[in-house]
Amino acid sequence: MRTFVVAAISALALTACDAGAGSSLSSEESSTELSAEKIAADLNDELAHERRAEDTARDAWRNPAETLGFFQVAPSHTVIEYAPGGGWYTRIIAPYLAENGQYVGVGFAPEAAASLGDEFVERVRAGGESFSETQSEALGIPTEKLPFYFGNAIPDELAGTVDRVLMIRMMHNLLRWGIADSETEALFAALKPGGMLGVVQHRAKPDAPEEYVDGNKGYLKEAELIAYFEGKGFELVGTSEINANPADTADYEAGVWTLPPSLRSGDENQEAYEAIGESDRMTLLFKKPA
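Counting from 1, residues in each chain are numbered in the order their sequence is written. A pLDDT threshold of at least 70 governs which residues receive local features in this predicted model, and a stricter bar of 80 or more applies before side-chain atom pairs are shown or counted, although totals over entire chains, interfaces and linings include all residues. In computing side-chain values, all of the structure's heavy atoms are included and hydrogens and water are not.

Asks: Outline the pairing of strand β3 (residues 102-107), supporting the account with residue identities and numerical values.
Replies: Extensive coverage of β3 is indicated by the burial of six of its six residues. Any residue under 20% of the maximum accessible area for its type is buried, any over 50% is exposed, and the rest in between are partly exposed; the area is computed with a 1.4 Å probe on protein chains only. Elements are defined by DSSP. Helices are runs of H or I of four residues or more, strands are runs of E of two residues or more, and each kind is numbered from the N terminus. Of the two faces of β3, the one lined by Gln102, Val104 and Val106 and the one lined by Tyr103, Gly105 and Gly107 are each fully buried. Only when DSSP finds a minimum of two bridges between them are two strands counted as paired. Summarising the sheet, strand β2 (residues 78-82) and β3 pair through five bridges and their orientation is parallel. Bridged to tyrosine 82 within β3 is valine 106. For the handedness criterion, the β-α-β arrangement of β2, helix α6 (residues 90-97) and β3 is classed as right-handed. Inspection of the sheet shows β3 paired to strand β4 (residues 148-150) by three bridges, in the parallel sense. Pairing of glycine 107 across the sheet is with phenylalanine 150, part of β4. Crossover β3 to β4 through helix α7 (residues 118-139) is right-handed. A right-handed crossover is one whose linking path, passing over the helix from the first strand to the second, runs clockwise when the strands point away from the viewer.

See the structure below:
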């Protein structure tokens, strides 16, 4: 794997990442308008809103303001949130974009998760089909500002129009279900030239055995994931340690779900796992070449 040398970003755009989190971002991608500092400030009202009363406990691990600042998500952007699931990030991003931007939810085709059983597949399908209406009711945003598509059915008119795609802790599933190529290619097509893909993913140790990083444990190797996206035509813009957790040994028999919030092992060593906290995560920013 070649070494990536990324030029230093301006001091203004690094402000939101300075608190001990190492970051690298090319200076040509930074601007006053899209500085991490300004984006974090713009997000304050959304992060403090009462709708997030049950979400804030995870802010210390997910670092939403810093993460979205690093990804340079502006309120005027068209943004795809990939696999929005329960809507933790949706409750931040959709209101942030509601006035001047456009939120788009995109999920994987339900059939892709057939190995998890018919009940799970039907739950995924139903969740996708009801997403716009459910989120509209919860957020008070019109359904047309909350469209949802499955990854194999993104409409042609969206192609080349999207400013940002956010893929948060999902790539391991796409790899283990065998749909990473098709989903990544669909997202690449949706992005406009110069548009960017922000990725947060559970991070394996560099020397982790290959059988541990096939997606089934949740952890992936950073160098391999960078190489994967570059192989799909993306260019690496920068990396950040915003979501790092050095206490995570990333070697659990039950995978990443051993740690909070899943605590899959139940009462066994629960106190120790809670002390570790949530997983160590890589935070990567790519762009579609202009």
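Asks: Go over helix α9 (residues 180-190) with me, naming the residues and quoting the values.
Replies: Of all the residues in α9, the buried ones are Ala180, Glu183, Thr184, Leu187 and Ala190. Within α9, the buried residues cover an arc of 120° as seen down the axis, which keeps them to one side. Whether two residues are in contact is decided by their heavy atoms: any pair within 4.5 Å suffices. Packed against the buried residues of α9 are β2, β3, β5 (162-168), α8 (171-176), β6 (191-202) and α10 (222-231). Read the arc as the range of directions from the helix axis to the C-beta atoms.

Asks: Report on the environment of glutamate 222, specifying residues and quantitative values.
Replies: Along the chain, glutamate 222 turns up in helix α10. As a C-alpha pair, glutamate 222 and threonine 239 span 17 residues in sequence and 9.9 Å in three-dimensional space.

Asks: Before we move on, can you summarise the pattern of salt bridges with the specific residues and values?
Replies: Any Lys or Arg side-chain nitrogen located within 4 Å of an Asp or Glu carboxyl oxygen qualifies as a salt bridge. Counting across every chain of the model gives 15 salt bridges. With a closest N to O distance of 2.7 Å, aspartate 55 and arginine 91 form a salt bridge. One end of the pair, aspartate 55, is in the loop between α3 (44-48) and α4 (59-62); the other, arginine 91, is in helix α6, with 36 residues separating them in the sequence. Here aspartate 55 and arginine 91 have matching classes, each one buried. Salt-bridge contacts for glutamate 278 lead to arginine 281; the nearest nitrogen and oxygen are separated by 2.7 Å. Taken as a pair, glutamate 278 and arginine 281 share a single burial class, namely buried. Bridged by salt links that share partners, the residues Arg203, Glu222, Glu241 and Asp280 form one connected network.

Asks: Requested: an account of the side chain of threonine 78, with residues and values cited.
Replies: Counting through the fold element by element, threonine 78 comes out in strand β2. Threonine 78 has contacts with Gln102, Val104, Thr161, Val162, Asp163 and Arg164, leaving out every residue within four places of it along the chain.

Asks: Help me get a handle on unusual backbone geometry, residues and values and all.
Replies: Negative phi values dominate among residues other than glycine, just as trans dominates among peptide bonds. With an omega of 5°, the peptide bond running from proline 260 to proline 261 counts as cis. Its identity is not glycine, yet alanine 83 carries a phi of approximately 55°, on the positive side. Phi at asparagine 269 is positive, roughly 60°, even though this residue is not glycine. Turning to its location among the elements, asparagine 269 is positioned in the loop between β7 (235-240) and α11 (270-276). Overall, the relative accessible area of 44% leaves asparagine 269 in the partly exposed class.

Asks: Now, about the side chain of asparagine 173: what can you tell me, with residues and values included?
Replies: Structurally, the position occupied by asparagine 173 is in helix α8. One polar contact links asparagine 173 to arginine 176, side chain to side chain, over a distance of 2.7 Å. Definition of a polar contact: a pair of N or O atoms within 3.5 Å, with one able to donate and the other able to accept a hydrogen when the atoms are protein atoms, and with sequence-neighbouring residues admitted only if both atoms are side-chain atoms.

Asks: Could you give an account of the packing of aromatic side chains, with specific residues and numbers?
Replies: Each pair of aromatic rings taken from Phe, Tyr and Trp, with Trp reduced to its six-membered ring, is defined by centres within 6.5 Å and is described as stacked if the planes are under 30 degrees apart, edge-to-face if over 60, and tilted in the remaining cases. Per the stated rule, a full pass over the model turns up 13 aromatic pairs. Judged by centre distance (5.4 Å) and plane angle (90°), the ring pair of phenylalanine 148 and phenylalanine 150 falls under edge-to-face. Seen in terms of ring centroids, phenylalanine 229 and phenylalanine 286 are 5.0 Å apart; in terms of plane orientation they differ by 45°. Their pairing is tilted. Of the two residues, phenylalanine 229 is situated in helix α10 and phenylalanine 286 in strand β8 (residues 281-287); the sequence distance between them amounts to 57 residues. Residue class for phenylalanine 229 comes out buried when judged on its relative accessible area of 0%. Given a relative accessible area of 0%, phenylalanine 286 falls into the buried group. Through successive ring pairs, a cluster of aromatic residues spans Phe188, Tyr228, Phe229, Phe234 and Phe286.

Structural measurements only, silent on function.
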